[in-house]
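Overview (structure and organization)
These are the residues of each chain, in order.
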Amino acid sequence: MDKPQANLNLEDQSTTRQKRNKHFIICSTIFFTLLICAIISVFTVLKHQTESESLSANPTAAIRSACHVSRDYSSCVESLVSSLDNHSHTIIHASDILRLSVAAGLRESRTVATLFQELASKIGNKNIKKPDSITGCQKLIADSVDQLNGSLAMIATVDIDGILGSNELRGKMVKAANNVEGCYYGEADEVGPTIRVKIRQAEIYVRNSVAILDSFDEVKEMFDPSVGSVLASLMLVRENYVITVALFCTQYLVLIFLLCSVLRVFV
């Protein structure tokens, strides 16, 4: 075989290899593109399914589950469900459960405070000295309202975990509960049955919120996936989901780059 013919054969072989490599790169790119798209699609479907089945997307179910840790289940469910009308979001979290329970106790305490004001006004119109028991109850209820207002303000902050790590929030809520309980058992004999019933209801609501606070880690576990459930964590936490998708795309680009580099070096 003469030299020109040999060179021609080598060129043909080189051209054939280049075409084969181009076809391989194109097929690999298409394959991995479809694979990545399929994985992302599956993740998206699973994310929507997991979110729809989670307690965060079902506020009423979340309340029923969380209220199992409360002092009085039926009153807890009733008070929190009624507070959902003022909850503007369709997604609910453990911190929202705590906030709603404190708000329910605050609402009942304010109702009791209003009833005491009306009672005091009626007594004043009759020019009768207001009994010390009523005065004492008014002060206790007023302090409870202040304590619960402060508790709500603390829960509304961004660093809810930091607040729960201290005893200040629990101290406020326990003091509010003790105040209402002290009014009911110690000084409310002269206020009449109607107000006593409302005091008792306020005391139960506040105790429910304290119980939810004491079991907050358990309540959070109802909403958040366990540590071992990596897939559920990726599905529920938006940041994790975005990071996972970005990681897949990055790995895809790196894979294509390495493939092209290898073919260029060894072929």
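Residues numbered from 1 in each chain as written. Predicted model: local features only at pLDDT ≥ 70, side-chain atom pairs only at ≥ 80, totals over all residues. Heavy atoms only, no water.

**A closer look at the nonpolar core**
By size, the foremost hydrophobic cluster in this structure holds 35 residues, and its most contacted members are Ile 97, Leu 98 and Leu 169. For this core, the elements supplying multiple residues, two or more each, are α2 (59–66), α3 (73–83), α4 (94–125), α5 (132–155), α6 (160–164), α7 (168–187), α8 (193–214) and α9 (216–223). When residues of this core are assigned to their parent elements, the largest contribution, six residues, is made by α4. Ignoring sequence-local partners within four residues, the contact set of Leu 169 consists of Leu 98, Ser 151, Met 154, Ile 155, Ile 163, Leu 164 and Leu 213. Of all hydrophobic cores here, the second largest spans 15 residues; its members include Ile 141, Val 180, Cys 183 and Ile 195. (Core = buried A, V, L, I, M, F, W, Y, C linked by side-chain atoms within 4.5 Å. Buried < 20%, exposed > 50% of the residue type's maximum accessible area, 1.4 Å probe, protein only. Helix = DSSP H or I, 4+ residues; strand = E, 2+ residues; numbered from the N terminus. Contact = heavy atoms within 4.5 Å.)

**Some remarks on the state of the cysteines**
Inspection of the entire model under this criterion finds two disulfides. For Cys 67, the disulfide goes to Cys 76, at an S-S distance of 2.1 Å. Since a negative S-S torsion denotes a left-handed disulfide, the Cys 67-Cys 76 link at about -70 degrees is left-handed. Across the pair, exposure class does not vary: Cys 67 and Cys 76 are buried alike. (Disulfide = S-S within 2.5 Å.)

**Notes on the pattern of salt bridges**
Counted according to the given criterion, the structure contains eight salt bridges. Put simply, Arg 71, Glu 181, Arg 200, Glu 203 and Arg 207 are held in one network by salt bridges that share partners. (Salt bridge = Lys/Arg side-chain N within 4 Å of Asp/Glu carboxyl O.)

**A word on the environment of Ile 91**
On the secondary structure map, Ile 91 appears in the loop between α3 and α4. Take Ile 91: its relative accessible area is 37%, and that puts it in the partly exposed class. Separated by 33 residues in sequence, Ile 91 and Asn 58 have C-alpha atoms that sit 7.4 Å apart. Beyond its immediate sequence surroundings of up to four residues, Ile 91 is in contact with Ser 56, Ala 57 and Asp 96.

**Comments concerning the confidence of the model for the protein**
Averaged over every residue, the pLDDT of the protein is 76; the share at 70 or more is 63%. The secondary-structure element of the protein with the lowest mean pLDDT is helix α10 (residues 230–236), recorded at 47, while α8 shows the highest, at 92. Contacts from residues 226–236, a stretch scored under 50 in pLDDT, to residues over four places away or in other chains number 19 contacts. (pLDDT = per-residue confidence, 0-100.)

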